[in-house]
Amino acid sequence: MTYDDKELFNQAMEDVRPLKQRASVVYLAAKSAPPQRPAPARPSQENFLITELFAPQPCDTPLYFKQDGIQQELIDKLGHGKYLIEARLNITRMPVMRARALLFEFMERVTQEECRTLLIIHGRGPSDDSHANRVRSFVARWLTQFVQVQAYCCAQPAHGGAGACYVALRKSARARGENRERHARRLR
């Protein structure tokens, strides 16, 4: 690049402003949710997610996890994107430790807000040893450490495909009680 080229480039770019940083966490409000009182402040737990290195999952292996007792129909619907996504987390291009901290905070918050279906966008690299695939492998391992995670699987292409996953969380104790009450009324 000559001096004249550089000068022309600088003149053309002098009014350009950097784009604002995209939010990495997006919470979607439920359409017909009744107004709720704010949850009482709880001291946050210590981040228990593992940090040691391990063999990453191959790029061509889709992410998949299902706890014992979970029906296959839930996984099928989840994988086809049939559930309303209540919260999203985008951790693409983040260092592993930052992704770990964000995922832990995100899971604490969605548990308090009683969300059921999540979308986690983690990215996917071109090779097994790429950074994006390491984050993807860690996310798969971290999600299994949360008691409230019932299942997860790859997202639909419109939501990120193999670079994202849908996560199904178990119902809160309050939601289970409401369900029991509703079914008991129906049987009377």
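See the structure above.
The rules we used
- Per-chain numbering applies: the sequence of each chain, read as written, is numbered from 1 onward.
- Side-chain atom pairs in this predicted model are given and counted only at pLDDT of 80 or more, local residue features only at pLDDT of at least 70, and totals for whole chains, interfaces and linings cover all residues.
- Side-chain metrics in this entry use all non-hydrogen atoms of the structure; hydrogen atoms and water are not considered.
- For the purposes of this entry, the term helix denotes a DSSP run of H or I that reaches at least four residues, the term strand denotes a run of E that reaches at least two, and both are numbered from the N terminus.
- Think of it in three bands: residues with accessible area under 20% of the maximum for their type are buried, residues over 50% are exposed, and the middle band is partly exposed, with areas taken using a 1.4 Å probe on protein chains only.
- The contact criterion used is simple: two residues touch if any of their non-hydrogen atoms lie within 4.5 Å.
- Only rings of Phe, Tyr and Trp enter the pairing, Trp through its six-membered ring, and a pair is recorded when the two centres are within 6.5 Å. The plane angle decides the type: under 30 degrees is stacked, over 60 is edge-to-face, the rest tilted.
- Should DSSP find at least two bridges between two strands, the strands are regarded as paired.
- With strands facing away from the observer, any crossover in which the path from the first strand over the helix to the second runs clockwise is taken as right-handed.
- Like charges within 9 Å and nonpolar side chains (Val, Leu, Ile, Met, Phe, Trp, Tyr) within 5 Å are joined into patches, using only residues over 30% in relative accessible area that form no salt bridge.
- Surface accessibility in these figures is a Shrake-Rupley result with a 1.4 Å probe; residues are shielded only by whichever protein chains are displayed.
- Should a side-chain nitrogen of Lys or Arg be within 4 Å of a carboxyl oxygen of Asp or Glu, the pair is scored as a salt bridge.

What am I meant to see in the overall build of the chain here?
A count of helical and extended segments in the chain gives five helices and six strands. The secondary structure elements of the chain, listed N-terminal to C-terminal, are α-β-β-α-β-α-β-α-β-β-α. For the chain, the residues scored as buried account for 35% of the 188 residues in total. Across the chain, the fraction of contacts at a sequence separation of at least 24, relative to all contacts at a separation of at least 6, is 74%.

I keep staring at the packing of aromatic side chains and nothing clicks. Help me out?
The geometry of two aromatic rings is summed up by the distance between their centres and the angle between their planes. As enumerated under the stated definition, the model contains five aromatic pairs in all. Ring geometry for Phe48 and Phe104: centres 5.3 Å apart, planes at 85°, overall edge-to-face. Residue Phe48 is located in the loop between β1 (25-27) and β2 (64-66), and its partner Phe104 is located in helix α3 (residues 96-112); the two are separated by 56 residues in the primary sequence. For Phe48, a relative accessible area of 36% translates into the label partly exposed. Measuring from centroid to centroid gives 5.4 Å for Phe48 and Phe146, while their planes differ by 65°, and the two rings are edge-to-face. With Phe48 in the loop between β1 and β2 and Phe146 in the loop between α4 (131-143) and β5 (149-154), this residue pair connects regions lying 98 residues apart in the sequence.

Whenever I open this one, the side chain of His122 confuses me. Can you help?
With respect to the helices, strands and loops of the structure, His122 is situated in the loop between β4 (117-121) and α4. Those residues within four positions of His122 in sequence are excluded, and the remaining contacts are Leu63, Ile91, Thr92, Ala132, Val135, Arg136, Val139, Ala162, Gly163, Ala164 and Cys165.

Mind showing me how you'd approach the pairing of β4 here?
In summary, the side chains of a regular strand alternate between the two faces of the sheet. Summarising burial for β4: four of the five residues are buried, a large majority. Summarising the sheet, strand β3 (residues 87-90) and β4 pair through four bridges and their orientation is parallel. Paired with Leu89 across the bridge in β4 is Ile120. What joins β3 to β4 is α3, and the crossover it makes is right-handed. Two strands pair when backbone bridges link them, and β4 and strand β6 (residues 164-169) are joined in this way by five bridges, in the antiparallel orientation. Note on β6: the bridge partner recorded for Leu118 is Val167.

Looking at this structure, I do not really get a nonpolar patch on the surface. What am I missing?
A cluster of nonpolar residues, Phe9, Met13 and Val16, forms a patch on the protein surface that exposes about 280 Å² of accessible area. The topology assignment puts Met13 in helix α1 (residues 3-13).

In short, shape yes, function no, at least from these values alone.
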